[in-house]
Amino acid sequence: MAEPIDPPLADAELAAFVGAVRQDPGLPARTVGAAGLRRAQRLRVGARPPGPAIAHVEDLTIGPAAVGARLYRPSAARGPLVVFLHGGMWTIGDLESHDRVCRRLALRTGTAVLSVDFRRAPEHPWPAAVDDCVDVVRWAVTDGGSGTGAAGPTVVMGDSSGGNLAALACLRLRDEGGPLPAAQILVYPNTDLTLSSPSARSKATGWGLTADDVAWGVEQWVPDPSRRADPGVSPVFAADLGGLPPGVVITAEHDPLRDEGDAYAARLAAAGVSVGHRCEAGMVHGFLTLDTLSPAAAAAGDRVFADVTDLLGRIG
């Protein structure tokens, strides 16, 4: 049974959304399957208002593995680059699902944004997505400036499972001796694929994202249960988080992933990594893509974009 909506959600629109989800939660992910979930997401994306106009949008193919990506530039001016890794339980999400987010991010921060179309499960289980993201981040940090028109620091950012991939990319690049991005921005990230944190139980149903849907996504991406506590899959279990780039970790109060994100922020800080951390009160998972539904979700997204701007100002 879902928790009562107490304390209240951040605004009436978000409360109405959660109420509708509770009244008709739909079929679970493990019933619908990846193909059905992708079709449903395409329909949702098509029904949303398009993202704001931006000066330059270009689809690219990066590196010897020919990883797809989309570049957003708010102006001809050269500036920092954000490599963006989309969420979607490692199984759904694509360049279109987060096109509006990336346009808002580029315009609000004044940075170029490179959204990565990494391989997804179940067709491509772990570590395919990590491999693709590492390749793109490495390219962006080393010689991506000439290909993107960027200049200055390159940071990596991801939401949900994309936050997991951003954290894993930083860990792998550190262990390989670099080069590292200048910062990492993790928004309601998956960091513990064992789903053993308290919020995975207390917020398991009734808040938009269900813990069982996350468990299904984990099963698609990491079919072997014995691997799910491996730090190459679940970054919160890494023995040492020292030497990682400074970061920002944002979680949401009513999110089954809240505690694992909070725990990762605490572990980064304990390892001496400079990290800003905030849990958005009254907010649910996925608020970056709920801006047209809820003014409070739009404002929470704007705060994330302000965090990116502030971080780039400190590292630039």
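Located above this text is the structure these notes cover.
Notes on the structure in this doc start here. (Residues numbered from 1 in each chain as written. Predicted model: local features only at pLDDT ≥ 70, side-chain atom pairs only at ≥ 80, totals over all residues. Heavy atoms only, no water.)

### What to know about the nonpolar core
Okay, so step 1: With 58 residues, the main nonpolar core has L85, L165, W221 and Y264 as its most contacted residues.
Okay, so step 2: At eight residues, the largest contribution of residues to this core is made by helix α6 (residues 161–175).
Okay, so step 3: Ignoring any residue separated from it by four or fewer positions in sequence, one finds Y264 in contact with A167, L171, L186, T191, P235, V236, L241 and L244.
Okay, so step 4: Core analysis: the second largest hydrophobic core is formed by 35 residues, C102, V113, A252 and A300 among them. (Core = buried A, V, L, I, M, F, W, Y, C linked by side-chain atoms within 4.5 Å. Buried < 20%, exposed > 50% of the residue type's maximum accessible area, 1.4 Å probe, protein only. Helix = DSSP H or I, 4+ residues; strand = E, 2+ residues; numbered from the N terminus. Contact = heavy atoms within 4.5 Å.)

### Examining the sheet that holds strand β5 (residues 154–159)
Sheet strands associate in pairs through backbone hydrogen bonding, adopting either a parallel or an antiparallel arrangement.
Okay, so step 1: Ordered by their spatial adjacency, eight strands build an open sheet running β1-β2-β4-β3-β5-β6-β7-β8, and the pairing between neighbours is mixed. Looking at the sheet topology across the chains shown, the edges are occupied by β1 (56–62) and β8 (275–284). Going across the sheet, the axis of each strand differs from the next one's by a mean of 20 degrees, ignoring polarity.
Okay, so step 2: One ladder, built from seven bridges, connects β1 with strand β2 (residues 67–73); its direction is antiparallel. Across the sheet, V57 pairs through a bridge with Y72, a residue of β2.
Okay, so step 3: Sheet strands in contact with helix α4 (residues 128–142) are β1, β2, β3 (81–85), β4 (112–117) and β5, and its direction is about 175 degrees off that of β3. (Pairing = 2+ DSSP bridges. Axes fitted to C-alpha atoms, helices over the stretch in contact; angles between N-to-C directions.)

### Comments concerning the packing of aromatic side chains
Okay, so step 1: Following the criterion strictly, the structure yields two aromatic pairs and no others.
Okay, so step 2: Relative to W221, the ring of W90 lies with its centre 5.0 Å away and its plane at 5 degrees, an arrangement referred to as stacked. In this pair, W90 sits in the loop between β3 and α3 (99–109) while W221 sits in helix α8 (residues 211–221), placing the two residues 131 residues apart along the sequence. One exposure class covers both W90 and W221, and it is buried.
Okay, so step 3: Pairing Y188 with F287 gives two aromatic rings, centres 5.1 Å apart and planes at 75 degrees, and the pair type is edge-to-face. Of this pair, Y188 sits in the loop between β6 (183–187) and α7 (199–202) while F287 is found in the loop between β8 and α10 (295–315), placing the two residues 99 residues apart along the sequence. (Phe/Tyr/Trp six-rings, centres within 6.5 Å; stacked < 30°, edge-to-face > 60°.)

### Comments concerning the pattern of salt bridges
Okay, so step 1: Taken as a whole and judged by the stated rule, the model has 21 salt bridges.
Okay, so step 2: The partner of R108 in a salt bridge is D302, and the shortest N-O contact between them spans 3.3 Å. Pair noted here: R108 is in helix α3 and D302 is in helix α10, with a separation of 194 residues, a long-range link.
Okay, so step 3: Taking the relative accessible area as the measure of exposure, D302 reaches 26% and is therefore partly exposed.
Okay, so step 4: One continuous salt-bridge network, built from bridges that share partners, spans D59, R70, E96, D99 and R103. (Salt bridge = Lys/Arg side-chain N within 4 Å of Asp/Glu carboxyl O.)

### A closer look at the pairing of strand β7 (residues 247–254)
Okay, so step 1: Most of β7 sits inside the fold, with eight of its eight residues counted as buried.
Okay, so step 2: Relative to β7, β6 is paired through four bridges, and the arrangement is parallel. Across the sheet, residue V187 finds its bridge partner in β7, namely I250.
Okay, so step 3: Pairing of β7 with β8, which is carried by seven bridges, proceeds in the parallel orientation. Pairing of I250 across the sheet is with R278, part of β8.
Okay, so step 4: Each parallel crossover has a hand, and for β7 linked through helix α9 (residues 258–270) to β8 it is right-handed. (Right-handed = clockwise from strand over helix to strand, strands pointing away.)

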